[in-house]
Structures are given as C-alpha cells and as structure tokens.
Amino acid sequence: MMMPTLAIAILNWNGKKWLEKFLPNVLEYSDEATVYVIDNASTDDSVAFVEKYFPTVKIIINAKNSGFAGGYNEGLQHIKEEIYCLLNSDVEVTENWITPILELFEKNPDIAAIQPKIRAFKNSKYFEFAGAAGGMIDHLGYPYCRGRVFETIEEDLGQYDDETEIFWATGCALFIRREDFWKMNGFDERFFAHQEEIDLCWRLKNAGRKIYYCGKSTVFHVGGGTLNKQSPQKTFLNFRNNLTMLLKNLPTSSLFWIIPLRLVLDGIAGIYFGMKDGFPHLIAVLKAHFGFYGMFAESLKLRSKHQIKDYYQTKWLIFKHFL
C-alpha cells in the first residue's frame, strides 16, 4: 500500500526554546515526513538556530505575524505534500505516532482530518485541555472534548483507545488532506488564533467530509506556549471567534434563537470571569461581542451553502456541567 506523502508543519513565533526542546524528538520519530518550520516573522534567533542545528528542516518565512490562522494559510501555500500535519512547537511526539494516522486516511477516503490522542506533557497520565481524545460540540456551540469537559480533565485509563468519528480535531496536532484544506480556503484568517480549527472542521462536515480521532497515536502537549491561558486576549479571541463560528455554520433553524441566548450567557460568563480572574476578562468579553458585531456582515456572506442539522453531540452541556 502506497502511503500518502506527509509534511509536518510547525508554526513558530519567537519559539526557540520550544524548537530546542521538541524538534529533535519530532525528527527522531517522523522518518515518514518532511519537516517544515513556518516562521511567523519572529524577532528572536529561532530561524538561525534551526538553520544551524537542524539543516534537514525546511524553513518558510512569513512576511508578518498573522496569527495561527493567517500564518498557516500563508506558509502552507509553499508545501506540496498530500497530507499536512499542523504541529504546535510545544508538542512531544512518540514512536510510531504517524503510521496509524496515515493508514486511517488510506482506509477511508471520506476522512478529511484526523487528530491523535493528546495527553498533557506536564501531567502525562491525564488528557490535555486542547484536544484530549477528540473534539465535540453541544447544540449551543460550546466546544468540549472526550476526556475534557470545560475545566474537568480525565485520566487516560484506555477509555479512548479507539478510532472514531469526532466533530473537530485539535489544531495542536492536526492531520489534514491538502486538497480538503484548500477546498475550504484554509482557516478563516479573521480568527487570528483560537477555534479556527473548529470552524474549519465544521465547514468540512457541512461539505460532507469526516473528522476522525486515532487513539493508536499519542502526543504530549505543553499548552499555552504562545498565549497564556489567563490572558484577557485569549478570552477575547475565544468568545469572539466562537460567536463568529456559530453565525457561519449553524443551521438556519437554530441560528436566530441560539445567537441571542449565547450573547446573554456570554454576559453571565463575563461577570463570572471578571470576579474569578479579574476585571480585564470582563472587558475582554464585552470587546469580543463588539468584535463579533463588527464582523457580522462578512460572516453572513461566508455561511456554508449547506448546514448539517445533526452537528451536536449533547444538549445543554453548560447547565448539566455547572448546575
């Protein structure tokens, strides 16, 4: 069986310490792939470092830092392999992490994207927040994962060692067919960072493609390597981008009641985050709503021609979890 060609694309922005720590590991266990570093206009010496110590790694230099979404859109235009693996610079891979995923692509041509099992680098028995054992979504548009619901994270006891269809695949280790990525025009660059991979997966599902999880492949993710979890900017991007994603992808029958309800629930969440994490997080939620309104008209134009009605895996997740 002829395996598809694979490119591992690591987006870098001032991430020399992560490249120094994890790039040798990626090269050791990725003989099947060509490894690229896409540099997002770094101001440190990370490019010179890679050129000096890892001459087999191909380097693509972007003109500016346009975030995760824009950075990958720009850099991936120069990569011709059939499968892209978008890999965060703060990820440790494991032996034989690639083969099960390529075999899954070969077995099922309807699969557009696959993610491996994501465990925490710092607490390795547990799943990691950003992806865990595959992304899901509830009917109000709240993303969660098998193995991670909001802040509750499960220990990996083999309960997710399967290969199964999921709703979205994490951007920290996202395998995706080159053809599918560009048919969707890549990521929505307006997102900059956060939830652009969920939006892309939702658009792929609206187009009849499948997203999968492969429990035979495991990686370990540090998390928060570029934007700290407690950053108000992260709060802003998550709230703005989630609403924008809903406007683009929800079926019309759900759109006109879910968006207003989410705006109310976001306001409550903003007050909660303001009390828990500080006033700047409340301001970030307010700014996110105005950012959503500013993108509203363009987002409407970008709505998928067809929206799947069975997009969610559970109802009222936020109430079940917190109440």
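Data block above holds the structure.
Residues numbered from 1 in each chain as written. Predicted model: local features only at pLDDT ≥ 70, side-chain atom pairs only at ≥ 80, totals over all residues. Heavy atoms only, no water.

Draft legend 1. Summary view of the overall build of the chain. Scanning the chain for helices and strands turns up 11 helices and 13 strands. Computed over its C-alpha atoms, the radius of gyration of the chain comes to 19 Å, within 12% of the 20 Å expected for a compact globule of 323 residues. The principal-axis extent of the C-alpha atoms belonging to the chain is close to 50 × 45 × 40 Å. For the chain, buried positions account for 58% of its 323 residues. By sequence separation, contacts in the chain at least 24 residues apart represent 77% of the contacts at least 6 residues apart. Total accessible area computed for the chain in this model is approximately 14,400 Å², and 56% of it derives from carbon and sulfur atoms. Both charge centroids of the chain, one from 36 positive and one from 38 negative side chains, sit 6 Å from each other. (Helix = DSSP H or I, 4+ residues; strand = E, 2+ residues; numbered from the N terminus. Rg over C-alpha atoms; globule rule 2.2 N^0.38 Å. Buried < 20%, exposed > 50% of the residue type's maximum accessible area, 1.4 Å probe, protein only. Contact = heavy atoms within 4.5 Å. Areas by Shrake-Rupley, 256 points an atom, 1.4 Å probe, with all protein chains shown as cover. Lys, Arg positive; Asp, Glu negative; His and termini not counted. Charge placed at Lys NZ, Arg CZ, Asp CG, Glu CD.)

Draft legend 2. Region of the structure containing the packing of helix α7 (residues 232-249) against helix α9 (residues 279-294). Following both chains from N to C, one finds α7 and α9 inclined at 30°, their axes separated by 8 Å at the closest point. Classed by the angle they form, the pair α7 and α9 counts as roughly parallel. The element α7 and its partner α9 pack so that their crossing is right-handed. Across the interface between the two elements, Pro232, Thr235, Phe236, Phe239, Arg240, Leu243, Thr244 and Leu247 from α7 touch Pro280, His281, Ala284, Val285, Lys287, Ala288, His289, Gly291 and Phe292 from α9. (Axes fitted to C-alpha atoms, helices over the stretch in contact; angles between N-to-C directions. Parallel < 35°, antiparallel > 145°, perpendicular 65-115°, else oblique. Left-handed = near helix turned anticlockwise from the far one by under 90°.)

Draft legend 3. The arrangement of empty space enclosed by the protein in detail. For the structure shown, the criterion picks out 1 cavity of 30 Å³ or more. Here the largest cavity is characterised by a volume of approximately 40 Å³. What lines the largest cavity is simply Ile10, Trp18, Leu19, Phe22, Leu23, Val26, Leu87, Asn88, Ser89 and Val91. Among the elements that make up the lining of the largest cavity, the one with the highest residue count is helix α1 (residues 16-28) (5 residues). Split by residue class, the lining of the largest cavity holds 8 nonpolar, 2 polar and no charged. (1 Å grid on protein atoms, 1.4 Å probe; cavity = no way out; pocket = protein on both sides within 12 Å on 5 of 7 lines; lining within 4 Å. Points joined across faces, edges and corners; volume = space filled by probe spheres on them. Nonpolar A, V, L, I, M, F, W, Y, C, P; charged D, E, K, R; others polar.)

Draft legend 4. Region of the structure containing the side chain of Arg209. Along the chain, Arg209 falls in the loop between α6 (196-206) and β13 (210-221). Within polar-contact distance, the side chain of Arg209 engages the backbone oxygen of Asp110 at 3.3 Å. In this view, Arg209 contacts Pro109, Asp110, Ile111, Ala112, Arg177, Asp180 and Leu204; residues no more than four positions away in its chain are not counted. (Polar contact = N/O pair within 3.5 Å; in protein donor to acceptor, adjacent residues only side chain to side chain.)

Draft legend 5. Geometry of a nonpolar patch on the surface. Among the surface-exposed residues, Trp257, Trp316, Phe319, Phe322 and Leu323 lie close enough to one another that they form a single nonpolar patch of about 580 Å² accessible area. Checked against the element boundaries, Phe322 lands in helix α11 (residues 317-322). (Patch = residues over 30% accessible without salt bridge, like charges linked within 9 Å, V, L, I, M, F, W, Y side chains within 5 Å. Salt bridge = Lys/Arg side-chain N within 4 Å of Asp/Glu carboxyl O.)

Draft legend 6. How the structure looks around the packing of aromatic side chains. Going through the model one piece at a time under the given rule, you end up with 22 aromatic pairs. With a centroid separation of 5.3 Å and 75° between ring planes, the pair formed by Phe167 and Trp202 is classed as edge-to-face. Taken as a pair, Phe167 in the loop between β11 (163-166) and β12 (173-177) and Trp202 in helix α6 lie far apart in primary sequence, 35 residues in all. By the burial criterion, Phe167 is buried, and Trp202 matches it. (Phe/Tyr/Trp six-rings, centres within 6.5 Å; stacked < 30°, edge-to-face > 60°.)

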